[in-house]
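Working through the structure, step by step
Each chain, written out:
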Amino acid sequence: MTKITFVRPGGEREIVNAEPGHSVMATAVDNGIDEIVAECGGCLACATCHVYVDEADLDRLPPPSAAEDAMLEATAAPRTPCSRLSCQLKTTPELGDLTVHLPSEQY
Amino acid sequence: MSSTEATATPPETDFDHHAPHLSVSHDEVLATYAGLRERCPVVHSSAHDGFYATTGYQAVRTVTGDAEHFSTAEGVILPTQDLPKIVPLEFEGPEHDAWRTIMLAPMTPAKVRELQPVIDEIVRAQIDGFARDGRADLTAALAETVPALVISRMVGLSAEAAPRMRELGSEMVAAVNTDRMPQAAKEFFAFTAAQLEDRRRNPRDDYLTQLASGALGDRPLTDGEVGGILMSFFIGGHHSTTAAISALLHHIITENGVREALANDPGVLPKVIEESLRLSTPLAHFARTVLQDTEIEGCPVPAGSRILLNYVSANRDERRFADPDRFDLARRPNPHVAFGFGGHLCIGRHLARAEMTAVATQLLTRLPDIETDGEVRFSGLIGGNLHRILEFPVRFTPENPNARQNRTADGK
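Worth saying up front: this structure is predicted, and the values here are computed from it rather than measured.

**Some thoughts on the overall build of chain B**
Scanning chain B from terminus to terminus reveals 17 helices and 15 strands. Here the C-alpha atoms of chain B give a radius of gyration of 22 Å, agreeing with the 22 Å that 2.2 N^0.38 yields for 412 residues. Based on the C-alpha atoms only, the size of chain B along its principal axes is roughly 70 × 55 × 40 Å. By sequence separation, contacts in chain B at least 24 residues apart represent 69% of the contacts at least 6 residues apart.

**Some details on helix H7 (residues 146-155) of chain B**
All names here are of chain B. Buried residues dominate H7, accounting for ten of its ten residues. Every buried residue belonging to H7 is among Val-146, Pro-147, Ala-148, Leu-149, Val-150, Ile-151, Ser-152, Arg-153, Met-154 and Val-155, and all of these are buried. Gly-156 sits one or two positions beyond H7 and adopts a positive phi of about 120°.

**Looking at the sheet that holds strand E15 (residues 393-395) of chain B**
All names here are of chain B. Strand order in the open sheet formed by three strands is E5-E15-E12, with antiparallel pairing between adjacent strands. Looking along the sheet, the strands with just one partner apiece sit at the ends: strand E5 (135-137) and strand E12 (371-372). As judged from the two bridges shared by E12 and E15, these two strands associate in the antiparallel manner. Of the residues in E15, the one forming a bridge with Thr-372 is Val-394.

**Remarks on the packing of helix H12 (residues 239-254) of chain B against helix H14 (residues 269-279) of chain B**
All names here are of chain B. In contact at an axis separation of 9 Å, H12 and H14 are set at 115° when each is read in the N-to-C sense. Between H12 and H14, the angle falls in the class roughly perpendicular. The handedness of the crossing between H12 and H14 comes out as right-handed. Between H12 and H14, the residues in contact are Ala-244, Ala-247, Leu-248, His-251 and Ile-252 and Leu-269, Val-272, Ile-273, Ser-276, Leu-277 and Leu-279, respectively.

**Focus on helix H2 (residues 26-39) of chain B**
Along an α-helix, residues three or four apart share an orientation, since each turn contains 3.6 residues. All names here are of chain B. When the terminal C-alpha atoms of H2 are compared, their 21 Å separation across 14 residues agrees well with the 20 Å that a helix rising 1.5 Å per residue should span. Looking at the packing, one finds that the buried side of H2 touches strand E1 (12-13), helix H1 (20-24), strand E2 (42-45) and helix H15 (311-314). Put simply, Ser-25 is the residue that caps the front of H2, since its side-chain oxygen is 3.4 Å from the backbone nitrogen of Asp-27.

**Notes on the interface of chain A and chain B**
Counting from both sides, the interface comprises 16 residues of chain A and, opposite them, 15 residues of chain B. A combined buried area of about 1200 Å² lies between chain A and chain B, and 53% of that area is made up of carbon and sulfur atoms. Of all residues in chain A, the largest losses of buried area upon contact with chain B belong to Asp-34, Glu-39 and Tyr-107 of chain A, amounting jointly to 41% of the total for that side. The partner of Arg-113 of chain B in a salt bridge is Glu-105 of chain A, and the shortest N-O contact between them spans 3.6 Å. Across the contact surface, chain A and chain B share six residue pairs in polar contact (both at pLDDT 80 or more). Of the residues in the side of chain A that touches chain B, the class split is ten nonpolar, three polar and three charged.

**Focus on the side chain of Thr-55 of chain B**
Residue and element names in this part refer to chain B. Here Thr-55 lies in the loop between strand E3 (51-54) and helix H3 (57-64). Among the polar contacts made by the side chain of Thr-55, one reaches the main-chain carbonyl oxygen of Cys-40 at a distance of 2.5 Å. Ignoring any residue separated from it by four or fewer positions in sequence, one finds Thr-55 in contact with Leu-36, Arg-37, Cys-40, Pro-41, Val-42, Val-43, Ser-313 and Ala-314.

**Side note on the packing of aromatic side chains**
All names here are of chain B. Under the criterion given, the structure shown has eight aromatic pairs over all chains. Geometrically, the ring pair formed by Phe-91 and Trp-99 is tilted, given 6.0 Å between the ring centres and 40° between the ring planes. This pair shows no difference in class: Phe-91 is buried, exactly as Trp-99 is. Between the aromatic rings of Tyr-207 and Phe-233, the centroid separation amounts to 6.1 Å while the plane-to-plane angle is 35°, which identifies the pairing as tilted. With Tyr-207 in helix H10 (residues 207-212) and Phe-233 in helix H11 (residues 223-237), this residue pair connects regions lying 26 residues apart in the sequence. Take Phe-233: its relative accessible area is 6%, and that puts it in the buried class. An aromatic cluster is present here, built from Phe-188, Phe-189 and Phe-234 joined pairwise through their rings.

**Here's the deal with the nonpolar core**
Residue and element names in this part refer to chain B. Within the largest apolar cluster, 115 residues are counted, with the highest numbers of intra-cluster contacts made by Leu-138, Ile-229 and Phe-233. A per-element tally of this core places helix H16 (residues 349-366) first, with eight residues. The contacts of Leu-138, once residues within four sequence positions are left out, are Phe-130, Ala-143, Leu-249, Ile-253, Leu-363, Ile-370, Phe-392 and Val-394. In terms of nonpolar packing, the next biggest core, distinct from the first, is built from 40 residues, Leu-36, Tyr-52, Val-60 and Leu-309 among them.

**Describing the confidence of the model for chain B**
Residue and element names in this part refer to chain B. Summary statistics for chain B give a mean pLDDT of 92 and a share of 96% for residues scoring 70 or more. With pLDDT under 50 throughout, residues 1-5 is counted as low confidence; its partners more than four residues away or in other chains account for seven contacts. Contacts from residues 408-412, a stretch scored under 50 in pLDDT, to residues over four places away or in other chains number seven contacts. Across the whole predicted complex the pTM is 0.93, and at the interface the ipTM reaches 0.85.

**A few points about the side chain of Thr-91 of chain A**
Residue and element names in this part refer to chain A. Residue placement: Thr-91 occurs in the loop between strand E4 (83-85) and strand E5 (98-101). A distance of 2.8 Å separates a polar atom in the side chain of Thr-91 from the backbone oxygen of His-22. Contact partners of Thr-91, with chain neighbours within four places excluded, come to Thr-2, Ile-4, Ala-18, Glu-19, Pro-20, Gly-21, His-22 and Val-24.

Each value, and the rule that gives it
- Residue numbers run consecutively from 1 along every chain, following the written order of its sequence.
- Written order decides the labels, with chains lettered from A and ligands numbered from 1.
- Reporting in this predicted model follows two pLDDT cut-offs: at least 70 for local features of residues, and 80 or more for side-chain atom pairs to be given and counted; totals over whole chains, interfaces and linings ignore these cut-offs and use all residues.
- Remark: hydrogens and water are excluded; side-chain values derive from all non-hydrogen atoms of the structure.
- Put simply, DSSP marks the helices as runs of H or I at least four residues long and the strands as runs of E at least two long, and each gets a number from the N terminus on.
- Values of the radius of gyration come from C-alpha atoms, whereas the globule rule sets the reference at 2.2 Å times the count of residues to the power 0.38.
- What makes two residues a contact is simply this: any of their non-hydrogen atoms within 4.5 Å.
- Throughout, exposure labels follow a simple rule: accessible area from a 1.4 Å probe, protein chains only, divided by the maximum for the residue type, with under 20% read as buried, over 50% as exposed, and the rest as partly exposed.
- Each pair of strands is called paired provided DSSP finds at least two bridges between the two strands.
- All axes here are fitted lines through C-alpha atoms, helices being fitted over the stretch that makes contact, and every angle between N-to-C directions spans 0 to 180 degrees.
- Convention used here: angles under 35 degrees read as roughly parallel, angles over 145 as roughly antiparallel, angles from 65 to 115 as roughly perpendicular, and any remaining angle as oblique.
- Definitions for this section: a left-handed crossing has its near helix turned counterclockwise from the far helix by less than a right angle. A right-handed crossing has that turn clockwise.
- Multiplying 1.5 Å by the helix residue count minus one yields the expected span of that helix.
- Whenever a nitrogen or oxygen atom comes within 3.5 Å of another N or O atom, the pair is scored as a polar contact, on the condition that within protein one atom can donate a hydrogen and the other can accept it, and that pairs from neighbouring residues in sequence are kept only if both atoms are in side chains.
- Two parts placed together each lose some accessible area under a 1.4 Å probe, and the buried area is that loss summed for both.
- Only one rule defines a salt bridge in this text: a Lys or Arg side-chain nitrogen within 4 Å of an Asp or Glu carboxyl oxygen.
- Lys, Arg, Asp and Glu make up the charged group, whereas Ala, Val, Leu, Ile, Met, Phe, Trp, Tyr, Cys and Pro make up the nonpolar group; the residues left over, Gly among them, are polar.
- Pairing of aromatic rings covers Phe, Tyr and the six-membered ring of Trp, with a centre-to-centre limit of 6.5 Å; geometry is then stacked below 30 degrees between planes, edge-to-face above 60, and tilted otherwise.
- What makes a nonpolar core is a set of buried Ala, Val, Leu, Ile, Met, Phe, Trp, Tyr and Cys residues whose side-chain atoms join them at distances within 4.5 Å.
- In predicted models, pLDDT denotes the confidence assigned by the predictor to each residue on a 0 to 100 scale.

This is the structure in structure tokens:
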């Protein structure tokens, strides 16, 4: 099963199993990762599931769509080249394990 | 959701959010909603040519999160009003997204942070207006004035011009559904057109200048469309934020332990704000239209029917929130739907939270012994949608004007 490592702002790591096909956002919400707020439920109307993908994993991910790219302008914590909206990151066996860093604020 | 409800015809009721008895008593509204929640997640009403009404939490999430089956494009007010479409709310698809991008631009978290000193200054000036009096009505003197001034400054008006826009915007919102509306809208649109003309002649670094030269897709925005954007800011953000600010202050002042918790740790304020939004959700109802036959929580709803969402009832649903009528500072997570959910999530929510934060922080710092002074009057459902505090009398030790000079610039 795919493992997602969430790194909290303080450095604490939380490793959870992801259901195949679920988004990183849904995986976080299902596992009580409070740093992922996901106010819009994953339809690209907010930026409150913002994560920083670990640099080692970044290039394995499909690039953000135009809609995700636009909404990333509305993150609460500063946007960096590693910024993604976790509702748009689907976990699959092919993608494998993933490490994402959680921002200190979502709004 | 299929585990809780078998397919069942929604029970027939005579629920009408415009019923006169609901317009006078907040308690009666809450009791009515609680009664509906006991019956089914969705009920049918014979009022207004027939509509379905959600009663529970999950039904709101299901409908607002599913744009394939439920649309805002036929109007979010029930019964349908003869008004121009509210942007971006009453659009769907790419057209909605284009409007939302334009309208979200001045209200992203980053933009709200930039605006914070202006918000702080507006709040400070409003508190200055009554801090030495020992008594005030917090709705009239604070909650009602801040949101419209913030909207006006946010779009780029000067401190001198903002009160005029507040006046025109407030009058227009008050005139909805009255015969004053055409005149109020005309004056508001004339004011905004003059501001746009000024920005075309003297461009500056503000949102009005962006709108004056802005585009929707591949064509320029008309003055009328820009007026519609600004009108939507007032319709969406004026009374709702006023209601949210009053309610927050009321919870802080009257709930056991909240003020003490804030004094011990100001970092608790975000939790207080979210719990206040959950328990005192300003806007109760927006509608959707069913695009194709489907089910909500096991209740079949046919294509073409109208659905009235109930955000207030959702936020008090005992199946989602333990002990839902209690103000609980430890509630975590607190996934209330006061700002809606899904693609039409309120775009002004960051701004609203920033205003609530500024008002609560400054008021408690400057007037720490503030308490209610007589009866606080709550509205019923205003216009079949809004809950607010009408009168909020308070008393406090008057602020010493000499002490004021020692305050730091941000009121802390």
